[in-house]
Amino acid sequence: MEKFTSDKIESFITTLLSAEKCLTYEFSTPASFSLDEICENLKGREFLRQIGAFVCTDSPLGRLKHSAPFASLKLQNLFGIPSITTVSMRDRNTLALQSELMGMNSLDLRLILALTGDPLRLGNQPQAKGVFEGNSQLLLKIIDSLNQCKDINGEGLQGKYQRIYPFCVMNSYAKNKEVLYKKMQDKICGGALALFTQPIYDVNLAEELLLWCHKINEEYQTHCVLVFGFFPIFSYKTAQFLHNRLPGVFVPKEWLSALEEANKVGNEMQVGMQKSQKLFCKLLSLHNKFHLMSANKPDCIEKILS
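None of the values given here were measured: they were computed from a predicted structure. (Residues numbered from 1 in each chain as written. Predicted model: local features only at pLDDT ≥ 70, side-chain atom pairs only at ≥ 80, totals over all residues. Heavy atoms only, no water.)

Student: Would you mind showing me how to read the side chain of Glu-268 here?
Tutor: With respect to the helices and strands, Glu-268 occurs in helix α10 (residues 268-286). Beyond its immediate stretch of four places on either side in the chain, Glu-268 contacts Phe-234, Ser-235, Tyr-236, Lys-237, Leu-259, Ala-262 and Asn-263. (Helix = DSSP H or I, 4+ residues; strand = E, 2+ residues; numbered from the N terminus. Contact = heavy atoms within 4.5 Å.)

Below, the structure written as structure tokens:
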């Protein structure tokens, strides 16, 4: 494993914004004091040679998990691969966010995936109170100010800093397409360098999102990159969860039917792998920027990429 150096962050950004293929891999932080078991499972994986950056989650669905910044730092130093730290508006006010981002900057955690954050009612911490001082748009403004060595009120900050690179997420599907388009537009105009989508299972939806991103970039002279979210499905239960309970994800009926039938005869894994590999090839023929998700099951990603 190579040693991490600060210039790898800029190298990742160059690749992301270029015509070259760029892959990121999601590291789902567990509800654990230790990351050792998950990290051990990643060591020596051949597919990591293709990964430009990790993405560390920040208590998704409002469930208690290991700290995203600390997980990001561990991964970055352990594997020599840049980490994109997910930061949500749910749990921090603007004072805490600015302070945290300044501290992260000093540790070379400068790739930020800005989220509003899932509501706490979905999670397992009923005593917690959401902050939600703003949405991801406000976090983009904070990052823009810090990149000018100022706080959000325009006051100058001391010390040497390095540029922070902000990204956002977006749904891959919505019944109201106008609303989805407007959200994409707002995030691109707000300064997001890339938009990471929820998992995509419909090639037509993928094509439409690419066209939207291209149109907005042309209109506003921006250079935002769309990154397709890709989560292989190997069970009918997972397909149902993604389709019915994960906002902004659409699983086609054909997928649901095929996996339901496979579930009855006990070959879900085989059917899911075939469909996932076929989908990945189709999406790759359209675009070469992907965010790979597997719920910490790197074997699945290795099979897809092979």
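Student: Looking at this model, I keep getting lost on the pairing of strand β3 (residues 83-88). Mind explaining?
Tutor: Look at any regular strand and the pattern is simple: side chains alternate between the two faces of the sheet. With six of its six residues buried, β3 lies for the most part within the structure. Summarising the sheet, strand β2 (residues 51-56) and β3 pair through three bridges and their orientation is parallel. The residue of β3 that forms the bridge with Phe-54 is Ser-83. After leaving β2, the chain enters helix α3 (residues 68-79) and then returns to the sheet as β3, a path that is right-handed. You can see the chain leave β3, run along helix α4 (residues 94-106) and come back into strand β4 (residues 111-115), and the turn it takes is right-handed. (Buried < 20%, exposed > 50% of the residue type's maximum accessible area, 1.4 Å probe, protein only. Pairing = 2+ DSSP bridges. Right-handed = clockwise from strand over helix to strand, strands pointing away.)

Student: Just to check I follow, could you spell out empty space enclosed by the protein for this structure?
Tutor: Summary: where empty space remains is shown by rolling a probe the size of a single water molecule over the atoms. Tallying each qualifying case throughout the model produces one cavity of 30 Å³ or more. If you add up the space inside the largest cavity, you get close to 40 Å³. Residue lining of the largest cavity: Ser-172, Tyr-173, Ala-174, Lys-177, Leu-180, Leu-205, Glu-208, Leu-209 and Trp-212, and that is the complete set. If you list the elements that add at least two residues to the lining of the largest cavity, you get α6 (177-189) and α7 (203-220). The element contributing the most residues to the lining of the largest cavity is α7, with four residues. In terms of residue class, the lining of the largest cavity is built from six nonpolar, one polar and two charged. (1 Å grid on protein atoms, 1.4 Å probe; cavity = no way out; pocket = protein on both sides within 12 Å on 5 of 7 lines; lining within 4 Å. Points joined across faces, edges and corners; volume = space filled by probe spheres on them. Nonpolar A, V, L, I, M, F, W, Y, C, P; charged D, E, K, R; others polar.)

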